[in-house]
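As a plain string of letters, each chain reads:
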2 protein chains.
Amino acid sequence: MKFSKKVQRCEQSPVRKFYPYEKAALDRGVHVRHLNIGQPDIPTPQPFFDAIRNFGKNVVEYAPAPGTEIFVEAVQGYYARLGCPIEKEDILTTFGGSEALEFVMECIADEGDEILSPEPFYPNYTSFVNITGAKIVPIPTTAEEGYRYASREKIEPLITERTRAILITNPGNPTGVVLTPEESRLLADIAREHNLFLVSDEVYREIVYAGKISTMLQYEDAAENVVVIDSVSKRFSSCGARVGMMVTRNRELIGQALKLCQGRLCAATLEQTGAAAMYNTLDESYYKSILEEYTRRRDAIVTALEKLPGVSFTQPEGAFYFMVTLPVDDTEKLQYFLLEEFTHNNETVMFAPGAGFYSDPAMGRNKARVAYVTAPEDLTRAVELLGLGIQAYNERKG
Amino acid sequence: MKFSKKVQRCEQSPVRKFYPYEKAALDRGVHVRHLNIGQPDIPTPQPFFDAIRNFGKNVVEYAPAPGTEIFVEAVQGYYARLGCPIEKEDILTTFGGSEALEFVMECIADEGDEILSPEPFYPNYTSFVNITGAKIVPIPTTAEEGYRYASREKIEPLITERTRAILITNPGNPTGVVLTPEESRLLADIAREHNLFLVSDEVYREIVYAGKISTMLQYEDAAENVVVIDSVSKRFSSCGARVGMMVTRNRELIGQALKLCQGRLCAATLEQTGAAAMYNTLDESYYKSILEEYTRRRDAIVTALEKLPGVSFTQPEGAFYFMVTLPVDDTEKLQYFLLEEFTHNNETVMFAPGAGFYSDPAMGRNKARVAYVTAPEDLTRAVELLGLGIQAYNERKG
């Protein structure tokens, strides 16, 4: 049987290929600590569960294709509190930020088109772009420059007549980079001047350690260019709820994407009810407490990593990931070694090898992405295991 | 800004374009009865709500990309009870049958490819196919032949080197046609002989008035060809739960589609828990009671329609829709008339004009799809309104 060229250009998740090895380790009774996954352990807020419990209808009916009224209004209220008033018609509710990304790419990209994205990038971006027949053109960054990408010198030479969009994550996954106001403004300018979409994945918006939250929606002169990808997954620690949204003032894009929303009928009804309740009841003190918790976690992992010889990284500014450079020949080999051959006090550790975040895997060979979504003491121990593992790996090789 | 050629070939839902006119009628205080929508009023079974209430974890985490273990095992058990044993690895959990259709098409169709589908067809099929760059090639049927399509004479002349699949709905939406065992066997044979996928959308599987339930998965010699689209939406009256699945023994297709599942991370966690509970606790008596209810509804609408002069249709065999031919020049114009100019005792009625179910809208001009998802007495009154409306419309025209 024949498969599409497009799906063949998509790849299995680079993180998930280690799962069988993890399972084997677990089956041997080894305790595996995780720096590899972005699943926070913070409880999903109670209003989510309460709203679903109190749903009050006896039929779980289709929701409207663009989202339930209560959820769309809740999102509108949230953006108003951010200082960014939008209309209800600027919002389409999707299955997580993922479906919003998928819809945007399907609306703007054809076979052979190009989407610029700073590298290293979130690996699933490749699927969303490749399945349209387009490809990601990486905006190269370096560890030495702290993975910063927002400059005319880096971006403008890459723009061709096939370029359709600049796709960014801000705050950054996997880099932890947060755009400065000047960098944000510049990206909006570049998009406007070159008639490109600026697809800004802002699902980690509130997790900015310097405290200054922003959104690309603020640039009204780039209203036709800016598309924001948003989600309740990270904001409210509810990844499995799969409630996301696409927000843009470009009404033609909304009209095109609405066709795709109608095609799949609607996003889940109950989950929208729960998500609306979180937006409507959680206030500044909730966001503040989450930021404080991630700050403690960041401080713990940074402090622990600074003790490891030969490990380097840039201070993370936002989200709950960053890239680290490790003193090994190949972080994938290191990961296999940690799962198959290494233990310390019957424990080992997982991270996300850097190769999966680069279009050319060779570029990520000495890098890893670490996620800090567990308690500070867990992170300290996980990094200790990483250090011991690197030492054992390099001694074995030597 | 430029949009993809693919999305521009997709269309807004042909049913939804009447919503503003419905709203205007409602705003005038008119009561609108519905023969247009497939949202059953049957309560979602209590086990769904109970399982979600008793979820028992305080974080709504990501589910595994192919589905939660409890849901996948529940589906496996359901198919075993159907007499069709499958492996867990044959199942991918999706956001409704819709996402399963989307993933299958993305896996098998490239720009210029062709998907055969009997016409009239479910309008959203067009979106799922067109967004890949492929197109639907209709297998023509006629009202006179009761919309039957499963014959070599109708299908084989349409097969070209660009044909990738035959896409069917069985039991049929919008036609109510149920394949005979011979017809099913023939479709599996054609798919096998021509090396095509047979994508069989069986979301209405249990609603067969002659009582004989089947699935294309029964043909083991066509195991590589058959892909079943399934969902809890209609089976358990839980359309808004958005829990569906793709089931196939073609492991290469599973592998390709799994990349897309991983790309969007997972389907909603809580809803899978609720759906699993319905599969695991509802027994034959549930399916029987639902079938009895739809039989009463079918009998009511058929009896009412048979009284209308000039209206013709084939007895519906399954699902809860069928096509009717109406004695008017244009069913879309009739629908606008019913919403804007007609009332009887301050009521009017909506149906789905036939044009939206044909690649060439002209072919559906004197046809309509009716859905019978409400109580028998409601259906009787809705059909009465339709008859009075047709009369008023034709007198006005004359």
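From a predicted model like this one, the values you see are computed outputs, not experimental measurements. (Residues numbered from 1 in each chain as written. Chains lettered and ligands numbered in written order. Predicted model: local features only at pLDDT ≥ 70, side-chain atom pairs only at ≥ 80, totals over all residues. Heavy atoms only, no water.)

**Overview of the packing of helix α2 (residues 19–27) of chain B against helix α12 (residues 331–340) of chain B**
Residues and elements named next belong to chain B. Where α2 contacts α12, the axes come no closer than 9 Å and their chain directions differ by 20 degrees. With respect to each other, α2 and α12 are oriented roughly parallel. Between α2, through Tyr 21, Glu 22 and Ala 25, and α12, the contact on the second element is made entirely by Tyr 336, Leu 339 and Glu 340. Considered class by class, the residues forming the contact of α2 with α12 number four nonpolar, no polar and two charged. (Axes fitted to C-alpha atoms, helices over the stretch in contact; angles between N-to-C directions. Helix = DSSP H or I, 4+ residues; strand = E, 2+ residues; numbered from the N terminus. Parallel < 35°, antiparallel > 145°, perpendicular 65-115°, else oblique. Contact = heavy atoms within 4.5 Å. Nonpolar A, V, L, I, M, F, W, Y, C, P; charged D, E, K, R; others polar.)

**Considering the pairing of strand β13 (residues 367–371) of chain B**
Residue and element names in this part refer to chain B. Taken across its five residues, β13 has five buried, putting it largely inside the fold. Here β13 shows a buried face lined by Lys 367, Arg 369 and Ala 371 and a second buried face lined by Ala 368 and Val 370. Relative to β13, strand β12 (residues 352–353) is paired through two bridges, and the arrangement is antiparallel. When the sheet's bridge partners are listed, Pro 353 is paired in β13 with Ala 368. (Buried < 20%, exposed > 50% of the residue type's maximum accessible area, 1.4 Å probe, protein only. Pairing = 2+ DSSP bridges.)

**Some remarks on the sheet that holds strand β10 (residues 321–325) of chain A**
Residue and element names in this part refer to chain A. Strand order across the open sheet formed by four strands is β9-β10-β13-β12, with antiparallel pairing between neighbours. Looking at strand neighbours, the two that pair on one side only are β9 (312–313) and β12 (352–353), the edges of this open sheet. The strands touched by helix α11 (residues 284–306) are β9, β10 and β13 (367–371); relative to β10, the strand with the most contacts, the crossing angle is about 0 degrees.

**A look at the environment of A:Thr269**
Mapping A:Thr269 onto the fold places it in helix α10 (residues 269–281). C-alpha of A:Thr269 to C-alpha of A:Phe55: the two residues are 214 residues apart in sequence and 9.8 Å apart in space. Once you skip the residues sitting within four places of it in the chain, A:Thr269 turns out to touch A:Phe55, A:Val60, A:Glu61, A:Tyr62, A:Ala63 and B:Gly240.

**Concerning unusual backbone geometry**
Omega for the bond connecting A:Asn170 with A:Pro171 falls within 30 degrees of zero, at -5 degrees, which places this linkage in the cis form. Tracing the backbone shows A:Pro171 in the loop between β5 (163–169) and α8 (181–193). One non-glycine residue, B:Tyr147, adopts positive backbone phi at about 65 degrees. Within the secondary structure, B:Tyr147 sits in the loop between β4 (135–140) and α7 (152–155). Taking relative accessible area as the criterion, B:Tyr147 reaches 4% and is therefore assigned buried.

**Section: the pattern of salt bridges**
All names here are of chain A. Summed over all chains, the structure comprises 67 salt bridges over all chains. Between Glu 183 and Arg 148 there is a salt bridge, with its nearest N and O atoms 2.8 Å apart. In this pair, Glu 183 is assigned in helix α8 and Arg 148 in the loop between β4 (135–140) and α7 (152–155), connecting sequence segments 35 residues apart. On the basis of relative accessibility, which here comes to 11%, the residue Glu 183 falls in the buried class. Judged by its relative accessible area of 23%, Arg 148 falls in the partly exposed class. As a salt-bridge pair, Arg 185 and Asp 221 come within 2.9 Å of each other at their nearest N and O atoms. Placement of the pair is Arg 185 in helix α8 and Asp 221 in the loop between β6 (197–201) and β7 (226–231), with a sequence separation of 36 residues. Classification of Arg 185 as partly exposed rests on a relative accessible area of 26%. Taking the relative accessible area as the measure of exposure, Asp 221 reaches 42% and is therefore partly exposed. (Salt bridge = Lys/Arg side-chain N within 4 Å of Asp/Glu carboxyl O.)

**Quick word on the packing of aromatic side chains**
Aromatic rings considered in pairs are described by the distance between their centres and by the relative angle of their planes. Tallied over the full model, the rule gives 41 aromatic pairs over all chains. Considering the side-chain rings of A:Tyr286 and A:Tyr287, the 5.9 Å spacing of their centres and the 70 degrees angle between planes classify their relative orientation as edge-to-face. With respect to burial, A:Tyr286 and A:Tyr287 carry one shared label: buried. A centroid spacing of 6.0 Å and a plane angle of 40 degrees characterise the contact between B:Phe236 and B:Tyr286, whose relative ring orientation is tilted. On the criterion of sequence distance, the pair formed by B:Phe236 in the loop between β7 (226–231) and β8 (244–248) and B:Tyr286 in helix α11 (residues 284–306) is long-range, its members being 50 residues apart. Residue classification places B:Tyr286 among the buried residues on the basis of a relative accessible area of 13%. One aromatic cluster in this structure is built from A:Phe71, A:Tyr78, A:Tyr79, A:Phe236, A:Tyr279, A:Tyr286 and A:Tyr287. Above the face of the A:Tyr209 ring, A:Arg298 is positioned so that its terminal group lies 4.5 Å from the ring centre. (Phe/Tyr/Trp six-rings, centres within 6.5 Å; stacked < 30°, edge-to-face > 60°. Lys NZ or Arg CZ within 6 Å of the ring centre and 35° of its normal.)

**Quick notes on the relation of the copies chain B and chain A**
Mapping chain B onto chain A is achieved by rotating through 180 degrees and translating by 0.0 Å along the same axis, at an RMSD of 0.0 Å. The symmetry that links the two subunits is that of a two-fold axis. Closest approach to the rotation axis among the C-alpha atoms of chain B is made by B:Arg53, whose C-alpha sits 3.0 Å away. (Least-squares fit on C-alpha atoms with pLDDT ≥ 70 in both.)

**Quick word on the interface of chain B and chain A**
By a widespread convention, an interface's size corresponds to the accessible area lost as its parts come together. With 78 residues of chain B in contact, the opposing surface of chain A contributes 78 residues. Taken together, both faces of the contact between chain B and chain A bury some 6,500 Å²; the carbon and sulfur share is 55%. Looking at the side of chain B facing chain A, the largest losses of area belong to B:Met1, B:Phe3 and B:Tyr62, adding up to 12% of the total buried there. Taken together, the connections running from chain B to chain A amount to three salt bridges. Here chain B and chain A share 40 residue pairs in polar contact (both at pLDDT 80 or more) between them. Contributions of two or more residues to the side of chain B that touches chain A are made by α1 (5–8), α3 (46–53), α5 (96–108), α6 (124–130), α9 (251–263) and α10 (269–281) of chain B. (Buried area = accessible area lost by both parts, 1.4 Å probe. Polar contact = N/O pair within 3.5 Å; in protein donor to acceptor, adjacent residues only side chain to side chain.)

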